[in-house]
Amino acid sequence: MLAVENRIFSWQGIPKSSRIILISTMMVIVFITPNLADGYYESSWNPVEINTDNNYNAVIIDEEGNAWIFGDGGGIIFGENIEQWTQVNSPTSEDLTTAYANEEMIVAAGKNSSIIYKEYNTDNWIEINIQNSLDVNAISINSNNEIFIVSDNGEIWCFKQQNWIKIESMVSENLYDIVFEGEKGLISGSSGLILGSEDSGESWEIRETPSEISDSDIISIDLYGINRGYAITSDGQILKSTQESLTTTVGYYWNLKEIESENLSTSLYVNLTSIEVLSTTKILLSGEGGYIALSKDGGNIVTPQLLPIKSDFTINDIAMKTAFVGLIVGDNGTILYTENGGEDNAIGFEIIDLSDFSEFVDFTKDNLWEGLKATVKIVIFGILLGFFIGIALAMCKTAPTTLKQMIESDLEKTMIFFWIITPITIFCSRIYGIGLGILALSSIIILMSVLNYNINKNNTDNEGFLGYSISNKYRTIIIRILGFTLLVGLPLNGNWEINGGLLSIYSAFSDFHAFHLGSDTYKLSAQLGYIFAPIGNPDAFFRLIIGLGLTYLGLLFSSSKGDFSKKTIYYGKLILVALFWLIIVTEIFVDSNMARNDITTGHGILTTLGWRILLIAIGILLTKRILPEKLVSTTKTSADYNISIEPWKIRPLRTIATLYTDFFRNTPLLVQFMFIHFGLQLGKHIQNIGIDISHDLSILSSYLGPLDNILSPIIDYITESLFGPGKRSYLSAIFALGLNSAAYQCETIRGAIAAIPSGQMEAGRSIGLTYMGTMRLIILPQAIRICIPPLGNEMVNLVLNSSLASVIAYTELTRQGKLVVAITFQIFWTWGMVMVAYFVVTWALALLLRRLEEKTRIPGLGISGGN
Amino acid sequence: MNKVVLDIENLEKIYPGGVHAVQGITFDVKKGESVAIIGSSGSGKSTVLRCINRLIEPTKGTIKLNDEIINNPLADVNEIRSKIGMVFQSFELFAHLKVLDNITLGLRHVRGMNKEEAEKSALEVLARVDMLDRTEAFPGNLSGGQKQRVAIARALAMHPEVILFDEPTSALDPELIGSVLQTIRSLADEGMTMVIVTHEINFARDVADRIIYMDKGLIAEQGPSTIIENPKSDRLKQFLSSMNEEK
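Since the structure is predicted, the reported quantities are computational estimates derived from the model, not experimental observations.

A. Spatial organisation of the interface of chain B and chain A. Residue-level contacts link 35 residues of chain B with 37 residues of chain A. Summed over both sides, the interface of chain B with chain A buries roughly 3100 Å², with 56% coming from carbon and sulfur. Joining chain B to chain A, the criterion identifies one salt bridge. With its nearest N and O atoms 2.7 Å apart, the salt bridge here joins glutamate 762 of chain A to arginine 50 of chain B. Across the contact surface, chain B and chain A share six residue pairs in polar contact (both at pLDDT 80 or more). By residue number, the principal contributor to the side of chain B that touches chain A is helix α2 (residues 77–83) of chain B, which donates six residues.

B. Here's a closer look at the confidence of the model for chain A. Residues and elements named next belong to chain A. Taken over all residues, the pLDDT of chain A has a mean of 82, while the share at 70 or more is 88%. Counting contacts from residues 1–10, a segment whose pLDDT is below 50, to residues more than four positions away or on other chains yields 24 contacts. Here residues 35–39 is a poorly scored stretch, pLDDT under 50, and it has seven contacts once near neighbours within four places are set aside; other chains count.

C. Local environment of the nonpolar core. Residue and element names in this part refer to chain B. Membership of the largest hydrophobic core comes to 38 residues, with the highest contact counts inside it found for Leu6, Phe27, Ile84, Val162, Leu164 and Val195. Counting residues per element, this core draws most heavily on strand β2 (residues 19–30), which supplies five residues. In this structure, leucine 164 is in contact with Leu49, Ile52, Asn53, Ile84, Gly85, Met86, Val87 and Val195, ignoring residues within four places of it in sequence. Leu107, Val125, Ile163 and Phe203 belong to the second-largest nonpolar core, a separate cluster that totals 37 residues.

D. Broad picture of the environment of proline 652 of chain A. All names here are of chain A. Within the secondary structure, proline 652 is located in helix α12 (residues 652–665). Separated by 246 residues in the primary sequence, proline 652 and methionine 406 have C-alpha atoms spaced 9.6 Å apart. Not counting the four nearest positions on each side in its chain, proline 652 is found in contact with Thr401, Thr402, Leu403 and Met406.

E. Spatial organisation of the side chain of threonine 47 of chain B. Residue and element names in this part refer to chain B. The residue threonine 47 is located in helix α1 (residues 45–52) in this model. Overall, the relative accessible area of 10% leaves threonine 47 in the buried class. Not counting residues up to four positions away in its chain, the partners in contact with threonine 47 are Lys13, Tyr15, Ala21, Val22 and Ile56.

F. How the structure looks around the packing of aromatic side chains. Residue and element names in this part refer to chain A. Per the stated rule, a full pass over the model turns up 17 aromatic pairs over all chains. Ring plane angle 55° and centroid distance 4.9 Å describe the contact between phenylalanine 148 and phenylalanine 180, whose orientation is recorded as tilted. Residue phenylalanine 148 is located in strand β12 (residues 147–151), and its partner phenylalanine 180 is located in strand β15 (residues 175–181); the two are separated by 32 residues in the primary sequence. Of the two residues, phenylalanine 148 and phenylalanine 180, neither departs from the other in class, the shared state being buried. Look at phenylalanine 159 and tryptophan 164: their rings are 4.8 Å apart centre to centre, the planes differ by 45°, and that puts the pair in the tilted class. Like phenylalanine 159, the residue tryptophan 164 is buried in the burial classification. An aromatic cluster of at least three residues, connected via ring pairs, comprises Trp68, Phe70, Phe78 and Trp125. Positioned above the aromatic ring of tyrosine 730 is the side chain of lysine 727, whose terminal nitrogen or guanidinium carbon lies 5.5 Å from the ring centre.

G. Region of interest: helix α9 (residues 538–558) of chain A. In this model, α9 of chain A (21 residues) spans 30 Å end to end at C-alpha, consistent with the 30 Å of a helix rising 1.5 Å per residue. Considering only its buried residues, α9 of chain A is in contact with α3 (403–408), α4 (411–432), α6 (472–488), β32 (497–499), α7 (501–513) and β33 (567–569) of chain A.

H. Structural detail: the side chain of threonine 198 of chain B. Residue position: threonine 198 of chain B is located in the loop between β8 (194–197) and α7 (201–207). If sequence neighbours within four positions are ignored, threonine 198 of chain B has contacts with Ile37, Ile38, Thr169 and Ala204 of chain B.

I. Region of the structure containing the state of the cysteines. The full count for this structure, using the stated rule, is zero disulfides over all chains. Between cysteine 746 of chain A, a free cysteine, and cysteine 396 of chain A, which holds the nearest cysteine sulfur, the sulfur-to-sulfur gap is 8.6 Å.

Thresholds applied
Residues numbered from 1 in each chain as written. Chains lettered and ligands numbered in written order. Predicted model: local features only at pLDDT ≥ 70, side-chain atom pairs only at ≥ 80, totals over all residues. Heavy atoms only, no water. Contact = heavy atoms within 4.5 Å. Buried area = accessible area lost by both parts, 1.4 Å probe. Salt bridge = Lys/Arg side-chain N within 4 Å of Asp/Glu carboxyl O. Polar contact = N/O pair within 3.5 Å; in protein donor to acceptor, adjacent residues only side chain to side chain. Helix = DSSP H or I, 4+ residues; strand = E, 2+ residues; numbered from the N terminus. pLDDT = per-residue confidence, 0-100. Core = buried A, V, L, I, M, F, W, Y, C linked by side-chain atoms within 4.5 Å. Buried < 20%, exposed > 50% of the residue type's maximum accessible area, 1.4 Å probe, protein only. Phe/Tyr/Trp six-rings, centres within 6.5 Å; stacked < 30°, edge-to-face > 60°. Lys NZ or Arg CZ within 6 Å of the ring centre and 35° of its normal. Expected span 1.5 Å × (residues − 1). Disulfide = S-S within 2.5 Å.

And the structure:
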């Protein structure tokens, strides 16, 4: 290792305090800050101070908008306009447990046959006597102003024309609640019983209920218009009934609700006491243990709401005056009213005056701060990813390893690569998935390199592989066999089949042909549609490229005679020219039968003629360019017609790196974002891989005993913050930015490497360092200092390009800006603040880079060597 | 009879494009011998030197180091190069490392020594070239002569079988040449095997055991240092007279 002071970026060179600050800031930003500030909520229920601890069992809002609360011991409380509360004289001292009000009167009832009523224009409550002694569970009034009560043991009584008449229910279950809407009536009871009536309560029939609740008590039931019916069981389940068809109205079919917010369980695990339906989809539920919950989507998501004081007293009843104003009552003097529909108030969304700039800033600064943090997160990872991949690419592009070296000097390693490493990787991927395939590939390569290095350390002569080398007389034959296998592959069955070059090309072309993107004529221009074929079948495209490469290598190897010099294609130039003319002639003369994808379909004779003249002109120019000046001349030798190529000079690493950079530099970043996130769904796949890896790591750490207690939460935390739900766009953004930046940084670094005098490489190699060694120890340290300014440029680009991540729904700064504009409509201010934020970030980065440049200055290197 | 360290036979190098830089050179270097190669520019001297440690691949011919052929494609190039030291005309010190680290780089990464051993070795070698006072300096802060001496130390530190010098003093001004030449002379006196390509005729005459005069890619004349006083071939006479005129 280089001496500490001489490393490019000396870690120990930074004072300790700064190091700590740097590391902790990065960790905080990346891991600890939660995404999206949670607002805090406060209860929208306000207690009513009555100064009694009585248990309140029922509450109703009457037609005049006043509230009546009924409790144990016959207690009645009157709330005028739900504002002035007074206790009222009650004619009974029995517990009152249920009440109802319509336009004519208010009724209440409870234990021991206590039934009272009051008409609106009077002040007094009057008792109604009923001959039997029973505890009234529920009381209601139908559309004919007849009072109905239900009780245990299937008893239904109706008070009409001053007399109590028992209604035949034909059931013996305890009946808990009764509700009327028009001529419809519903009764709920124990053992999952629901009775329905279509004649205002004269006759009742059993309605079907789900078998799951056949043991539960349906303690409350409510209707909303003729569209919706809801019922609850004491086990915390919600039943819903809708109008099933034109002929089946509400109340006939009841379904048990699978509550999404309880992971699709049918139970809320709370003993519910009452339900109030505010609209077709908005319901309030009350229950034991101070439970009050709101659902705005018909019971899919049920959210418990906060109470102002932590109370465990059972909430017994709910009454809503409007959708927003209402009361709940419960044991132990609990009376609460709300003006917000019972929904928790989210602090931070209060109505503020956004045209005042300071209030605007106050309101939006959280959003923008979150956006800034999100931007910094993807920028950091993007820069790191881009830098390391960029260096790797730059080294691949400048690597001098030619094909000749691979075959001549390193034949053994090349053989192992093609015959052992590649097949193993392919089989692993096919059987166990790509992840394991990549793992197998890397571990084998690392293992073999290390072994080889150690064994060959001090050999000057033929190093071969692991000490074994092929003797000279067999080398050429082996090369030919290698070539042959590359062409043909391993055509076994199923998982054990590996297609060689020729078969890959053939299968790729047949797949492409299946798309029928070109017409059947023999013209080149008619087949232009095939340019899109790779998108139609990316797998086939991949196979095509690999097939072409393998065929090239295969042909080259199998025809090798042991010499690696250039090859001559005799009369190659003539052949080339003839080929061009063939194409031109087919273009001109083969009929275009108005088929699809044919670009030369004439729009008129002049246009067609124009095309043809143009093609002929191109042909003449090409001929003059390729062939020597005079086609027939006595002084020209046949050698002038030959094309000589150097097939062994190709540098495979350079080719691969070039494919990568050409793809990323020739497509726009915005399109790359969308392709990677929506097309490839890279974020999703990486998230899955990450979750798998962390799962394996957790299992691994569980074997480590006590160490597990420290490791497990760390693993879980890192997994959550990197691969948790909702992190898909985060991962996609990092990769899109990083991979794109790598292509540009590669070119920058390559330029910097080329700026280092070649003598440095010579000097390094002449003391015996390998190519990689010289690169790592001598060239790159100097090159990186040279490329700091252009890389700084690249990083600033990356920060600004991160704004494109907003199209894949990653809430970084730009997207937050959009959200803020949508909420506040202050366009100038919002975008102005966003611009300032970006400026600050990039400026800070530029300052950092300036400082880095100064710190890593080498005396004598670069223009700024002196003063 | 000293054993032959370097044996070069029929070395030929044709650059792509058809330039015949070296057209068939044969000579050998025995242990402890210093051979000077002189000649005008373009005669192929530097090419020969670079072919020896395979910085340039010869198109024909064999090069043997201690009776092992080193220019076959299967040989381990890096091992070979670590046994052949090279000193360049433009010094080629590693600008981002201090003087001491320039020397220890090879020792630590090629020979595998640890830091202390490497530094000890480096200091010994730096003492031989008389550069102990500037071990913590960066190359950018050194004069030409000092840089070249460090370069020599760097090559020496690897304990090579033979050191090649590619016009070591051509980039220096006259005052600084002296110190470098002195260093090389003392190395020769200590018995180091070396091949020096140089323009300093007097130095070649004083230090070298044998002088090779190359012209247009071929060895025009070879012999002990007396050929400078008594050149046999016409071309050498012409060359020497033209060098003398300049002086």
